[in-house]
Amino acid sequence: MALPYSVLKVCGDIVFAARGGDIYSFTTGLEYISAWKYPVKQANAPSGLSSEPAASPAPECPPAKRRRVEPEDGSAPAAQAAEPETTEAKNKKPQQQQQQQQKRKTGHQKHTVELPIIQGLYTTTDGRHVVAITGSDKTIWVFEHDGAGNLKQLSQRMMPKRPCSLAITPDNKTILSADKFGDVFALPLIYSEQQPKETDASSAASTPVSTPSTPQSFKPQANELTIHTKRNLKALANQKLGLKHAGSAKTVEPVFEHTLLLGHVSMLTAIAVATKGDSRYYIITADRDEHIRVSRGMPQAHMIEGFCLGHDEFVSRLCIPDTRPEVLISGGGDDDLFVWDWAAGKPLAKTNLLGHVQKLLPAINKIAVIRILACRPRQEDGNGPAWVFAVCERIPALFAYELLQDGTLQHRQTIPTPGNPLDVEFLESSSQLLLAMDPDAAAREEGNVTSSSLRVLSYEPATASWQLADNESGRVKGLPVADDGDAAVLSAEDVQRALYTTESLRKTNSEPAE
Amino acid sequence: MTALKNKRQKREEYRAAIQQDDGATELPRKKFYRQRAHANPFSDHQLIYPPSPDHMDWSSLYPDYVVPEEEDASPAEGQDASAKEDEASLADKPPRRLTQDVEVADIGCGFGGLLIALAPVMPQTLILGLEIRVSVTQYVQDRIKVLRQQNAASPLPQKPYSNIACLRANTMKFLPNFFRKAQLSKIFICFPDPHFKVRKHKQRIVSATLNSEYAYVLRPGGVVYTITDVPDLHEWMVGHFAKHLSFERLTTEEEDADPCVAIMRTETEEGKKVERHSGAKFVACFRRKEELPYEGEVGDVKMLE
């Protein structure tokens, strides 16, 4: 099965659209310009990263994380993904799964390697750099953009944990990476070769990075005074005996410059940068445990300014409208969209979204917001309404709201789409929306997944409404035949797993017996 | 197997009896509340926590400090008028307010020794113990209940032990759900789980990133008290608080002058246990500094003092 376009990013008059691990660039009229392909050998040798000359910061990259192959009820992988690896080794898995795991270890490794999928595309405000994250290999890619749609890869950096979302500071010099482990790291946008590898230790020391240098000679941290039970004392004795072997345990630390700024004890889901006045900016982070945190910008990112609390389920998306920088819109597993005065940590409004979903699909009882877009189409008479669009996972529609002056969201329109939207971007020059979606079953059967994946919506100022343009409008022009990915062979399950990841953040409320 | 079952049954019966007996004067016994000493702070326990501090209902924890209903009515209305109308049911029925806020938190209070020792020392202050283990929390709650009953006849205006309470919570995740910015004056972190393995260091209760949350809930001048018997953990905690720009360490003289330090050394269950084994105890206290002015001119990387 082929992959649809899943991530969009508009940069001036250029549209970047990611499909799988590849990034295509188009004009706003969807004429093909160029493509950047994920290094091919990655497909069967995930640890071959390091041979790439461009950057390869870490000489020894751990192989990509293997995942379950067997179909699951959907909630189990979520629970596991949520828990850092520490608990993974627990013996709670049923016998059967353990056996399957062993089988995987020996044989079907290739099959279980996660697809390299671009999970996010970001641009600097000057449009000269594009940054992408691929989840399966925890890598942040930085490209130079010539302004005409051509990308040149500058660096690839493998993070210690899987990045979930990125933001770029207003000065366009630093990438803020929020990861699955709850930490936010700052990386210089430009990976400097001058940074000699020796300085790694000192730079790590100068920054509050989590582990303050593991000493070469392992020393047990417990002693006879701190532990008392027979079993622990015995373990300590054993530890002391086995000291020589302990030295071989190595932790893989990236060798490039990265600074720990802040962290949650929860999986981070979104990060945004908000500005106040001319020179102040704040880092806003959202996590799976309902929190939205507002911290100061660097170098005071350790200072928490406040929280925006009120979500009852995970938060998955943050959006600060360009035209209303004092307002934060958030969405996640709740039935509502929230609007905040982020600087004060105050809720401004809460707008129901599930109700509108149910008007379309009455059977739905929970939603997961995967995208919030704010835009303001130009109008001849000055400023038109500020629109906010919400996309929910596996819901084939766009929900259009108007952001009113007092911060409330007024539902204006529900636009059914021929497939599940995956991303939406605003084309400012033509006042159109570009939609990337997972086309419906009919298109899939015809083998038109890629070609029917993009659609355009145009704005009609007279009625202040959005209209889905015909199929032809979203047709990409001039795409090389070899890039028409419909031939790609992927199981439907793999595609599903790659495209729909947000609902799995929901907590299942099943606690193992205490 | 039957022995196990009997044990569990006995526990349940014992605890149910304490719960129901409103005249009990005998303190609960720990042996009915034992629980494995470690909990995974990353997993989704079935925790109960308020969505935000404004939603927290403290009235059942500190019944003697609840604002009487008639007084409560008028300010609540004023609040409603000013606040944006929030159709949630919570807004319809705001939680009962207390005459004062909780100001002291014992994070990982264990069996509550520190809480009970602090109660008479700070009789005017509300103290909250937070513990992640269900049974242990239950023990402390039962213990406080019995202590309150024992002192029910006290002539004092605020009855002994009415100022302490215990909650089950995962503070590593949900501290800001309970406390507002700068609400607390003291935080105690006594004999935390040392998490010896490097792989588990992220689970330590003191870390560069968590210290930011402690700084957030502490008012300027507020103090974090730490004590441990593990030298390595002591160094870890000192190192991480020292690096944090919002904290400064108290001098030894200041520590010695603080009565809370002495109580922390001797009254916690772990502290007593360490004494029995004649182990060492390491104390370190850190003061929350005044709020720094915003310093974030784009690209400015001047180091702060």
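Per an unreviewed UniProt entry, chain B goes by the name tRNA (guanine-N(7)-)-methyltransferase and belongs to Cercophora scortea. The UniProt entry for chain B carries the following text under Subcellular location (unreviewed entry): "Nucleus". Its UniProt record gives chain B a comment under Sequence similarities (unreviewed entry), which states: "Belongs to the class I-like SAM-binding methyltransferase superfamily. TrmB family."

Per an unreviewed UniProt entry, chain A carries the name Transfer RNA methyltransferase 82 and comes from Cercophora scortea. Among the UniProt annotations of chain A, the heading Subcellular location (unreviewed entry) holds the following wording: "Nucleus". Checking UniProt for chain A, the heading Pathway (unreviewed entry) contains the comment "tRNA modification; N(7)-methylguanine-tRNA biosynthesis."

A. Quick look at the sheet that holds strand β21 (residues 369-375) of chain A. All names here are of chain A. If you trace the four strands from one edge of the open sheet to the other, you get β21-β24-β25-β26, paired in antiparallel fashion. Lying at the two open borders of the sheet, with one neighbouring strand each, are β21 and β26 (409-416). This sheet shows a mean twist of 20° between the axes of neighbouring strands, independent of strand direction. By the bridge criterion, six bridges tie β21 to strand β24 (residues 386-392) in an arrangement that is antiparallel. Bridging across to β24, Leu373 finds its partner in Phe389.

B. The environment of Gln124 of chain B, seen in detail. Residue and element names in this part refer to chain B. Here Gln124 is to be found in the loop between α4 (113-121) and β2 (126-131). Classification of Gln124 by relative accessible area gives exposed; the value is 52%. Separated by 39 residues in the primary sequence, Gln124 and Asn163 have C-alpha atoms spaced 7.3 Å apart. Beyond its immediate sequence surroundings of up to four residues, Gln124 is in contact with Gln100 and Gln158.

C. Summary view of the confidence of the model for chain B. Residues and elements named next belong to chain B. Confidence in the prediction for chain B averages 84 pLDDT; 87% of positions are at 70 or higher. Note that pLDDT drops below 50 for residues 74-91; the model gives that stretch eight contacts with residues more than four away or on any other chain. Segment residues 297-305 is flagged for pLDDT under 50; beyond a separation of four residues in sequence, or across chains, it makes 13 contacts in the model. For this predicted complex, the interface confidence comes out at an ipTM of 0.86, alongside a pTM of 0.82.

The rules we used
- Residues numbered from 1 in each chain as written.
- Chains lettered and ligands numbered in written order.
- Predicted model: local features only at pLDDT ≥ 70, side-chain atom pairs only at ≥ 80, totals over all residues.
- Heavy atoms only, no water.
- UniProt positions renumbered as here; feature names shortened; annotations may be inferred.
- Pairing = 2+ DSSP bridges.
- Helix = DSSP H or I, 4+ residues; strand = E, 2+ residues; numbered from the N terminus.
- Axes fitted to C-alpha atoms, helices over the stretch in contact; angles between N-to-C directions.
- Buried < 20%, exposed > 50% of the residue type's maximum accessible area, 1.4 Å probe, protein only.
- Contact = heavy atoms within 4.5 Å.
- pLDDT = per-residue confidence, 0-100.

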